[in-house]
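# Survey of secondary and tertiary structure
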Amino acid sequence: MAKIAVVGAGYVGLTTAACFSHLGHEVVCGDIDAERVARLAEGDVPIVEEGLEQLVVDGLRHGRLRFVVGAAAAVAGVEFAYLCVPTPQAPDGAADLTFVESVAAEIGPLLASESIVVNKSTVPVGSTRIVQRALRRPDVLVVSNPEFLREGSAVHDFLHPDRIVVGADDPNAASRVAALYLGVPAPFIVTDPASAETIKYAANAFLAAKISFVNAIAAVCEAVGADVTDVVLGIGSDKRIGHDFLRPGPGWGGSCFPKDTRALVRIAEDAGYDFDLLRGVISVNSQQHARVVDKIRDAAGGSLDGVVVGVWGLTFKARTDDLRDSPSLAIIEALRREGAVVQGYDPTVERELDGIQLCVDPYEACAGARVLAVLTEWDDFRWIDPEHVGELMSARQVVDARNLLERPAWQRAGFTYQGIGR
Ligand code: UGA
C-alpha cells in the first residue's frame, strides 16, 4: 500500500483521497481552507456527494485518511502527490494554471526523491511539462492521470470507472501509478502526457456535443411536430450512438463542460486549428438557455414584465448542491432582466441568492406564480400533485425544461405544458 498526498479537497480531491484510502492506501489530504480542513477532520463533508461522507468517516476511523492545512504539510514522506486544485477559466478562455504552478513550486523542495507528482486537475495539453519545470526537481516524475468523475456519482465513478488513463514519459512511473488502482476493475490506457491531457478535454467536449446535438434535434422536433423522446429512443438504440447523454434540457452547465469546451477551443486555436465544430456546440448551448426563456415568456402571454415565475431547481443538475455555471441561474438572470419576479426552490440550496426569492418548498415557489419552470431534474418534483400546484398559482402554465413531469397528468389538471422537443 502506498503513501499518497492529495492536494485540494474539492470534489475531485476529496473523492480521490477518500477512495484511495478506501482501497487501503495511507492518504493525507491538504487544503488551504483551514475551516474546511477542520470540518473534514471531524468527518463532516461540506459537499453533497453520494457515499463520500461514509468513506471519509471510514478512512478517518481506520487512520488511513488525514486532513491537513496546506500542500506542504501534506507531502512530507509521500510516494505520490496528487494535484487536485482548481484550474479556473482565465478571461481569454484558457485554463488558468496559477494554482497548479504555485502548488508545484511549493511542494517541489519537500518531495522525496523518486516520488511521483500526479496531475488530476484538468489541465491544458503540455501542463505535465509545466509542472515538471515548476517543481525544479529532475528526480521527481510527473504523470497525468485525468479524472472522469461526475458530480453526484463521483465515488461510484472512481471505484467503477470505464477506463483509467495514465499519461507518462516514463513507463515505470506509469506502472507505479496504475498499481495504485489495484482492486478497481477497469482497463488501463497508458499513453504519453499530451495524449492523456487531450483525452480529458476530448471526452468532455464530445459529451457536451452529444447534449447540444440532442438539444438542436429537440428544436427540430418542435418545428416539425416530432417527439424528441421517441427520436432519442430510436437513435440511442443504435449501439454506435448509445442512449447516454442524450437527455434534452436547458443546456449543459457545471464546473467542467463550459470551462473545458472553451479551453479546448483555445488550445486548438493556439495550436493553429480552428475548432469550428466545438464553437457550434457552445453556441447551441447558449441558444438553449434563450429557448427556455422564450418558452417561459410565451407561457406568460408574451411579456415577463412584473410576472411571477416559480422555479423548481437551481443546481446545474440533480444530486449535487453545485450552482457553478448552472443553466438555471443563467435562465433566471435572463428572466429578471425582462422584469420577472423569480421565486425559486431547490432541495439542496439554503443560502440566499441575488435576485431570487428563495422558498422553503416547491409549493411556496408556486404561490401566486403565473408560470412554473422546472429547471433541474430532481426526482422529488416528479411526484408532486399538479392539482395542488394549480390551486396555488395564478395561471396553469408549466415549462418543463427537463421533460421530467408526467405530461398527461399536468394536462389533465388543466395546465398548458411545454417541454423540450415534444
Ligand atoms: C462532467 C463529466 O461527465 C465527467 O466525466 C467529468 O469528469 C467532469 O465533467 C469533470 O470534468 O470533472 P459533471 O460536470 O459532474 O461531469 O456533470 P455531467 O453529469 O456530465 O453533466 C454536465 C451537464 O450536462 C449538466 O448540466 C447536465 O444537466 C447536462 N446533461 C447531462 C444534459 O443536459 N443531458 C444529458 O443527457 C446529460
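Let me begin by describing the structure that accompanies this report.

Each value, and the rule that gives it
- Residues numbered from 1 in each chain as written.
- Predicted model: local features only at pLDDT ≥ 70, side-chain atom pairs only at ≥ 80, totals over all residues.
- Heavy atoms only, no water.
- Helix = DSSP H or I, 4+ residues; strand = E, 2+ residues; numbered from the N terminus.
- Rg over C-alpha atoms; globule rule 2.2 N^0.38 Å.
- Contact = heavy atoms within 4.5 Å.
- Areas by Shrake-Rupley, 256 points an atom, 1.4 Å probe, with all protein chains shown as cover.
- Lys, Arg positive; Asp, Glu negative; His and termini not counted.
- Charge placed at Lys NZ, Arg CZ, Asp CG, Glu CD.
- Buried < 20%, exposed > 50% of the residue type's maximum accessible area, 1.4 Å probe, protein only.
- Near = heavy atom within 4 Å.
- Polar contact = N/O pair within 3.5 Å; in protein donor to acceptor, adjacent residues only side chain to side chain.
- Nonpolar A, V, L, I, M, F, W, Y, C, P; charged D, E, K, R; others polar.
- Arc of directions from axis to C-beta.
- Axes fitted to C-alpha atoms, helices over the stretch in contact; angles between N-to-C directions.
- Parallel < 35°, antiparallel > 145°, perpendicular 65-115°, else oblique.
- Left-handed = near helix turned anticlockwise from the far one by under 90°.
- Pairing = 2+ DSSP bridges.
- Phe/Tyr/Trp six-rings, centres within 6.5 Å; stacked < 30°, edge-to-face > 60°.
- Lys NZ or Arg CZ within 6 Å of the ring centre and 35° of its normal.

## Quick word on the overall build of the protein chain
Helices and strands together make up the secondary structure of the protein chain, namely 17 helices and 14 strands. Taking 422 residues into account, the globule formula puts the C-alpha radius of gyration at 22 Å, and the protein chain, at 23 Å, falls close to it. Each principal axis of the C-alpha distribution contributes one length, and for the protein chain these read about 70 × 50 × 40 Å. Sequence separation of at least 24 residues holds for 70% of the intrachain contacts in the protein chain that already meet a minimum separation of 6. Surface accessibility of the protein chain: about 18100 Å² in total, with carbon and sulfur atoms responsible for 54%. When the 39 positive and 57 negative side-chain charges of the protein chain are each reduced to one mean point, those points stand 3 Å apart.

## Focus: the environment of Val184
Position of Val184 among the secondary structure elements: in the loop between helix H8 (171-179) and strand S8 (188-191). Classification of Val184 by relative accessible area gives buried; the value is 7%. As a C-alpha pair, Val184 and Ala72 span 112 residues in sequence and 29 Å in three-dimensional space.

## What to know about the site of the ligand
Near the ligand lie 20 residues; those nearest to it are Glu147, Glu151, Lys200, Asn204 and Arg247. Here an oxygen atom of the ligand sits 2.7 Å away from a polar atom, N or O, in the side chain of Glu147. Contacts to the ligand include Phe148, whose backbone N or O atom sits 3.5 Å from an oxygen atom. Of all the secondary-structure elements, those providing two or more residues to the shell around the ligand are helix H9 (193-224) and helix H11 (257-270). The greatest single-element share of the shell around the ligand, amounting to three residues, is contributed by H9. Of the residues contributing to the shell around the ligand, the split by class is ten nonpolar, two polar and eight charged.

## What to know about helix H3 (residues 52-61)
What H3 keeps buried is the set Leu52, Leu55, Val56 and Gly59. Axial view of H3: buried residues confined to an arc of 100°, hence all on one face. In this structure, the buried residues of H3 make contact with helix H1 (11-22), helix H2 (34-41), strand S3 (65-69) and helix H7 (154-159). The positive-phi residue at the C-terminal boundary of H3 is Gly63, with phi of around 75°.

## Side note on the side chain of Thr315
Within the secondary structure layout, Thr315 lies in the loop between strand S9 (308-312) and helix H13 (327-337). Assessed through its relative accessible area of 0%, Thr315 is described here as buried.

## Some words on the packing of H11 against helix H12 (residues 276-299)
The interhelical angle for the contact between H11 and H12, taken along N-to-C directions, is 155°, at an axis separation of 9 Å. As far as their axial angle goes, H12 and H11 are roughly antiparallel. Two packed elements cross with a definite hand, and for H11 against H12 that hand is left-handed. Residue-level contacts link Thr261, Arg262, Leu264 and Val265 of H11 to Leu278, Arg279 and Ile282 of H12.

## Regarding the sheet that holds strand S12 (residues 371-374)
Strands sit in the order S11-S10-S9-S12-S13-S14 across an open sheet of six strands; the sheet is parallel. The sheet is open, and its two borders are formed by strand S11 (356-358) and strand S14 (416-418), each paired with just one other strand. Ignoring which end each strand starts from, the neighbouring axes of this sheet average 25° apart. With three bridges joining them, S12 and strand S13 (residues 397-400) adopt parallel strand pairing. If you follow Leu372 over to S13, its bridge partner there is Val398.

## Notes on the packing of aromatic side chains
Counting across every chain of the model gives eleven aromatic pairs. Ring centres of Trp410 and Phe415 lie 4.9 Å apart, and the angle between their planes is 65°; this geometry places the pair in the edge-to-face category. Aromatic ring contacts, followed pair by pair, group Trp312, Tyr345, Phe381, Trp410 and Phe415 into a single cluster. A cation sits over an aromatic face here: Arg163 above Phe148, 3.6 Å from the ring centre.

None of the figures reported here should be taken as evidence of function without further support.
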